[in-house]
Amino acid sequence: MDAYLNGVRTASAKKPGEGKVQAGSLDAVAISFYQCDLFKGLRASTQVQYRRVIEDLRRDHGGKPFALLDKQGTKKLLEEKSGRLTAYNRRLRMLKLMVKHAMDDLELLDEDPTEGVTRKKHQATGFRPWDEGHIEQYRARHPSGTTARLALELLLNVGQRRGDTVTIGRQHLREGGSKIGLRQSKTGEWVNVPILPDLQRELALLPATQMTFLEVNGRPRSANGFYNTFRDWCAQAGLEAGLAPHGLRKACGRRLAEAEGSAHMIMAVLGHRTLAEAQKYCDDVNRARLAEQGMEKVRVMTRQGEK
């Protein structure tokens, strides 16, 4: 894993029978990009995401001379991802970064073949928020004391992404065990969240020697492994498909807004960097309240008209 994250692993990009990487090829530009300051300055998780897209490019095009890449060639590379908007946009972003590196650092290109090529727009729906009915249905299937129940209470009451949730343990307890404090791996923001009673009851049932709360076989879970396991727990509870761990993070934000918490309070718990992200929870709750109040006025007016 250290070799993978530090850009040493290149053998996987080579096809059987391939020899030394050719100078000036897409392979050579990719390897050089992995060693540049921009790439090394990224978070490890972001490096893995970038590398996955670039290695996909290298698989079929690694031996081609990068200096011959023109606008038509760029479009052909992107056409391979046509119909898959996210994959298209990710490949375009990596091409732009590699082209910039080839122009500024390697001096392989004089003109930018990606200039004027834009991202494809699509409506991102995001993860579906859990409502209170979903939460109670899950709790009814997974009783107190089970790992499945602890997972729900951690996600709902601490409000962190699954990548951080699977790492939470006794080392994150603060102020006599009354709070959970951690630095988010995605944003680097520090959060310090008071532990509510529903979560406190589950934590009290864990062995005092267990460091990581959601460990399996004595070891921390991976974020992807946890996602798949949690999806199975949801299916066991009879919940419809589409409900994911991130939806409980959104439910945490919704609950804060319903309790008349301010956008700044939501930012403090969820670790959002911008006010607009947190304000959306308040706006959604206020819109729902206004709809209820408005229809109540219609109901009263209708009753008065009947009288």
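It should be noted that the structure appears before, not after, this text.
Conventions we followed
- Residues numbered from 1 in each chain as written.
- Predicted model: local features only at pLDDT ≥ 70, side-chain atom pairs only at ≥ 80, totals over all residues.
- Heavy atoms only, no water.
- Pairing = 2+ DSSP bridges.
- Helix = DSSP H or I, 4+ residues; strand = E, 2+ residues; numbered from the N terminus.
- Expected span 1.5 Å × (residues − 1).
- Buried < 20%, exposed > 50% of the residue type's maximum accessible area, 1.4 Å probe, protein only.
- Arc of directions from axis to C-beta.
- Contact = heavy atoms within 4.5 Å.
- Salt bridge = Lys/Arg side-chain N within 4 Å of Asp/Glu carboxyl O.
- Polar contact = N/O pair within 3.5 Å; in protein donor to acceptor, adjacent residues only side chain to side chain.

So, the sheet that holds strand β2 (residues 179–183)
- In space, the 3 strands of this open sheet follow the order β1-β2-β3, with antiparallel pairing throughout. On the outer flanks of this sheet lie β1 (173–174) and β3 (190–194), each paired with one strand and no other.
- With 2 bridges joining them, β1 and β2 adopt antiparallel strand pairing. Directly across from R174, in β2, lies its bridge partner K179.

A few points about helix α11 (residues 223–236)
- For α11, built from 14 residues, the straight-helix expectation of 20 Å at 1.5 Å per residue is met to within 8% by its first-to-last C-alpha distance of 20 Å.
- For α11, the complete set of buried residues consists of F226, F230, W233 and C234. Along the axis of α11, the buried positions cluster into a sector of 100°, meaning they face one direction only. Facing away from the buried side of α11 by over 90 degrees, the exposed positions are N224 and A235.
- Looking at the buried side of α11, the elements it contacts are α7 (132–141), α8 (147–158), α9 (162–165) and α12 (245–258).

A short note on the pattern of salt bridges
- Across all of its chains, the model carries 21 salt bridges by this definition.
- One salt bridge connects E132 with R255, and the closest N-O pair in it is separated by 2.8 Å. Of the two residues, E132 is situated in helix α7 and R255 in helix α12; the sequence distance between them amounts to 123 residues.
- For R273, the salt bridge is made with E189, and the minimal N-O distance between the two is 3.5 Å. You can see R273 sitting in the loop between α13 (263–270) and α14 (275–306) and its partner E189 sitting in the loop between β2 and β3, a full 84 residues away along the chain.

Some remarks on the side chain of N89
- Along the chain, N89 turns up in helix α6 (residues 85–104).
- Given the relative accessible area of 3%, N89 is considered buried.
- In terms of polar contacts, N89 uses its side chain to reach the backbone amide nitrogen of K120, at 2.8 Å.

Structural notes on helix α10 (residues 197–204)
- Among the residues of α10, those classed as buried are L199, E202 and L203. Seen from one end, α10 has its buried residues packed into an arc of 100°, which puts them on one side. Exposed and facing more than 90 degrees away from the buried side of α10 are P197 and A204.
- The inward-facing, buried residues of α10 abut α8 and β2.

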